[in-house]
Amino acid sequence: MTLTLSVVGCGYLGATHAACMSSLGFTVIGIDTDPNKVAMLQNGELPFYEPGLDTLLAQEMKTGRLSFTTDFSAVKDADIHFVCVGTPQSKDGLAADLTYVRSAVAEIAPYLKDGSLVVGKSTVPVGTAQSLRDELAKTAPQADLAWNPEFLREGFAVEDTLTPNRLVVVVANDLAEDILKKVYKPILDLGTPWIRADLPTSELVKVAANSFLATKISFINAMAEICEAAGGDVTVLAKAIGYDPRIGNKFLQAGIGFGGGCLPKDIRAFMARAEELVAKIGSCRVGRQAELANDVEQAQIVINTTPVGFDPGGAGSKTESPIDVRLIKSHHIVLDAVYRPLETSLLAAAKKVGAKTVDGLEMLVHQAALQQEIWLGRRGDTKLMRDAALNTQ
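Reading the values: rules and limits
Throughout this description, residue numbers start from 1 for each chain and increase along the sequence as written. It should be noted that, the model being predicted, local features are given only for residues of pLDDT at least 70 and side-chain atom pairs only at 80 or more, the latter also being counted only at that level, while totals for whole chains, interfaces and linings use all residues. To obtain the side-chain values, all non-hydrogen atoms of the structure were included, while hydrogens and water were left out. Note on pairing: DSSP must find at least two bridges between two strands before they are called paired. Segments assigned H or I by DSSP are reported as helices when at least four residues long, segments assigned E as strands when at least two residues long, and all are numbered from the N terminus. Axes, fitted as lines to C-alpha atoms, cover a helix only where it is in contact. Angles between the N-to-C directions of the axes lie from 0 to 180 degrees. Two residues qualify as a contact provided that any one of their heavy atoms is within 4.5 Å of a heavy atom in the partner residue. Burial classification: accessible surface area is computed with a 1.4 Å probe over protein chains only, and a residue below 20% of its type maximum counts as buried, one above 50% as exposed, and the rest as partly exposed. An angle counts as roughly parallel when it lies under 35 degrees, as roughly antiparallel when it exceeds 145, as roughly perpendicular when it falls between 65 and 115, and as oblique in every other case. Helix crossings fall into two classes, left-handed where the near helix is turned counterclockwise from the far one by less than a right angle and right-handed where it is turned clockwise. Residues are grouped as follows: nonpolar covers Ala, Val, Leu, Ile, Met, Phe, Trp, Tyr, Cys and Pro; charged covers Asp, Glu, Lys and Arg; every other residue, Gly included, is treated as polar. To pair, rings of Phe, Tyr and Trp, with the six-membered ring standing in for Trp, must have centres within 6.5 Å; the planes then decide the type, stacked if under 30 degrees apart, edge-to-face if over 60, and tilted in the middle. Consider the ring centre and the ring normal. A charge sits over the ring if Lys NZ or Arg CZ is within 6 Å of that centre and within 35 degrees of that normal. The quantity known as pLDDT measures the predictor's confidence residue by residue, on a range of 0 to 100. The definition of a right-handed crossover adopted here requires that, viewed with the strands pointing away, the path from the first strand over the helix to the second runs clockwise. Throughout, the arc means that of the directions going from the helix axis to the C-beta atoms. By the criterion applied in these results, polar contacts are pairs of N or O atoms within 3.5 Å in which, for protein atoms, one can donate a hydrogen and the other can accept it, and in which residues neighboring in sequence qualify only through two side-chain atoms. What makes a salt bridge here is a side-chain nitrogen of Lys or Arg within 4 Å of a carboxyl oxygen of Asp or Glu, nothing more.

S.K.: Give a description of the sheet that holds strand E5 (residues 117-120) that names residues and reports values.
M.R.: The 6 strands lie next to each other as E3-E2-E1-E4-E5-E6, forming an open sheet whose pairing is parallel. Both outer strands of the open sheet, strand E3 (66-69) and strand E6 (144-147), are each paired with one neighbouring strand and no more. If you compare each strand with its neighbour and ignore which way they point, the axes differ by 20° on average. Here strand E2 (residues 27-31) runs beside E3; their pairing, made up of 4 bridges, is parallel. By the bridge assignment for E3, Ile 31 is matched with Thr 69. Helix-sheet contacts for helix H7 (residues 174-183) involve strand E1 (4-8), strand E4 (80-83), E5 and E6, and the interaxial angle to E4 is about 80°.

S.K.: Could you give me a rundown of the environment of Ala 269, with the residues and numbers involved?
M.R.: Structurally, Ala 269 can be placed in helix H11 (residues 263-299). Accessibility expressed as a relative area gives 10% for Ala 269, which makes it buried. Note: C-alpha distance between Ala 269 and Val 207 (62 residues apart in sequence) is 8.9 Å. Contact partners of Ala 269, with chain neighbours within four places excluded, come to Leu 94, Ala 95 and Ala 96.

S.K.: Can you lay out the side chain of His 17 for me, pointing to particular residues and giving the numbers?
M.R.: Its place among the elements puts His 17 in helix H1 (residues 12-23). Apart from residues lying up to four places away in sequence, His 17 is in contact with Val 7, Phe 82, Lys 121, Thr 161 and Tyr 184.

S.K.: I'd like to hear about the packing of helix H4 (residues 99-108) against helix H5 (residues 128-139), residue by residue, with values.
M.R.: Their axes nearest at 11 Å, the elements H4 and H5 cross at an angle of 25°. With respect to H5, the axis of H4 lies roughly parallel. Handedness of the H4/H5 crossing: right-handed. Touching Val 101, Arg 102 and Val 105 of H4 are Thr 128, Ser 131, Leu 132 and Leu 136, all from H5. Taken together, the residues of the contact of H4 with H5 sort by class into 4 nonpolar, 2 polar and 1 charged.

S.K.: Give a detailed account of the packing of aromatic side chains, specifying residues and quantitative values.
M.R.: Counted according to the given criterion, the structure contains 1 aromatic pair. A ring pair is formed by Tyr 12 and Phe 48, whose centres lie 5.5 Å apart and whose planes are at 50°; its orientation type is tilted. Here Tyr 12 is found in helix H1, whereas its partner Phe 48 is found in the loop between helix H2 (35-42) and helix H3 (53-63), with 36 residues between them in sequence. Across the ring face of Phe 156, the terminal group of Arg 153 is positioned such that the distance to the ring centre comes to 4.4 Å. Above the ring of Phe 151, the side-chain terminus of Arg 166 is found at 3.7 Å from the ring centroid.

S.K.: So, unusual backbone geometry: which residues are in play, and what are the values?
M.R.: Of note, the phi angle at Phe 251 is positive, near 60°, even though the residue is not glycine. Relative to the helices and strands, Phe 251 is located in the loop between helix H10 (234-242) and H11.

S.K.: A description of the confidence of the model for the chain should follow, citing residues and the corresponding values.
M.R.: Scored by pLDDT, the chain has a mean of 76; 70% of the residues are at 70 or more. Long-range and interchain partners of residues 292-351, a stretch whose pLDDT sits below 50, account for 128 contacts in this model, where long-range means more than four residues apart. Segment residues 353-393: pLDDT under 50, and 95 contacts once partners within four positions in sequence are set aside and those in other chains are kept.

S.K.: Can you lay out the environment of Ser 211 for me, pointing to particular residues and giving the numbers?
M.R.: With respect to the helices, strands and loops of the structure, Ser 211 is situated in helix H9 (residues 199-230). Residues Ser 211 and Arg 268 lie 57 residues apart in sequence; the distance between their C-alpha atoms is 9.8 Å. Sequence-distant contacts of Ser 211, defined by excluding residues within four places in its chain, comprise Ile 267 and Phe 270.

S.K.: So what about the pairing of E4? Which residues, and what values?
M.R.: Here E4 shows two buried faces, one formed by Ile 80 and Phe 82 and the other by His 81 and Val 83. Where E1 lies against E4, 4 bridges are found, and the strand directions are parallel. What sits directly across from Ser 6, in E4, is His 81. Note that E4 and E5 share 4 bridges and pair parallel. Counted as the bridge partner of Ile 80 is Leu 117 from E5. Taking the sense of rotation as the criterion, the β-α-β connection linking E4, H4 and E5 turns out right-handed.

S.K.: Pulling in residues and values, what's your account of H7?
M.R.: Along H7, the residues classified as buried are Ala 176, Glu 177, Ile 179, Leu 180 and Val 183. The arc that holds the buried residues of H7, viewed along the axis, is 160°, so those residues lie on one side. In H7, the exposed residues that point more than 90 degrees away from the buried face are Asp 174, Leu 175 and Lys 182. Of the residues flanking the start of H7, the one acting as N-cap is Asn 173, its side-chain oxygen 3.2 Å from the backbone nitrogen of Leu 175.

S.K.: Can you explain H4? Please cite residues and give values.
M.R.: Residues of H4 that are buried include every one of Val 101, Ala 104, Val 105 and Ile 108, and no others. Here the buried residues of H4 occupy an arc of 90° about the axis, which is enough to place them on one side.

S.K.: So, the pattern of salt bridges: which residues are in play, and what are the values?
M.R.: Within this structure, the stated rule accounts for 12 salt bridges. As a salt-bridge pair, Lys 113 and Asp 79 come within 2.9 Å of each other at their nearest N and O atoms. Of this pair, Lys 113 sits in the loop between H4 and E5 while Asp 79 sits in the loop between E3 and E4, and the two are 34 residues apart along the sequence. With relative accessibility at 32%, the residue Lys 113 sits in the partly exposed group. Look at Asp 79 and you get buried, because its relative accessible area is 13%. With a closest N to O distance of 2.8 Å, Arg 246 and Asp 244 form a salt bridge. Exposure remark for Arg 246: the relative accessible area of 74% places this residue in the exposed category.

Right, here's the structure in full:
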């Protein structure tokens, strides 16, 4: 079966993806609401500059496989629909403006045929894809939504599309995965890693990558200031640490900072979404503390909250690592190691009911155990507790 593709949104990402998919032999229909942009692309001209893309676009227009239009009904015969619209920063805050993404999916929904696959490529805050899938299930239940984030570098967009260093995809079933593998077969044949993820992870992969790159840039610029104050040479410093394979030399060129059309706004959108998620986590922790306080009252027992930890870096310096411990009915306990001490309200609740305090449970707690629950053995088995903690690294 010969697949027909549509690309909704023909800006930097969409025009690149449309031309590259056409070069792989697919019939591709590009859709955009800007008639001037569509006219330029239909004439084989780019509305922006990207090395090599102008030549590829002109070449593919001559084949007859690639076309552009403002008519959304043109997607009715397409099997796969790539959503490549922009997600600019909102006018009233740091969050991403999802108007274009939601509008794109809504516009093509009436024309989706049975078994068609909508594939999001736009950079969106975590949680967006699931909301779009839920909406599509109402407006076009005959279709499904997948996600395939882009990782394009300005100046290397064609290379990064046709020879990417990985392909991250989210599909609801194996059939949808097989369809996408057919699209990307020439790329997969090159040995490109194929990573199947869930929706939240795929959304976070892109912003995590951007955030890490921005961190490297900001870090080397901070080091540049220290070098200047100390009389050092940041270029030599960057070269020296760049030889460490754990660090690498990419994005370690000191300068004015990071910029461009994506990195700054994507970082801001990630900050806004992260604040929302942190607030949600905080409320969950408050609820969990209340639940734990109730358990303490019911069990009438509390474990000493100052066990001994150690420096995971290997220095051996001992530090206190406060932990919360809950007693369960089977007389086993679950240890929840966190970065904050046990709420004093829990201790007060324990004392109020005359709870017995169990002391002397010294334990080596590895840093990796700090934000997860570890099921431990019988109360008082110190060795088992220590081993369980250390095995989390």
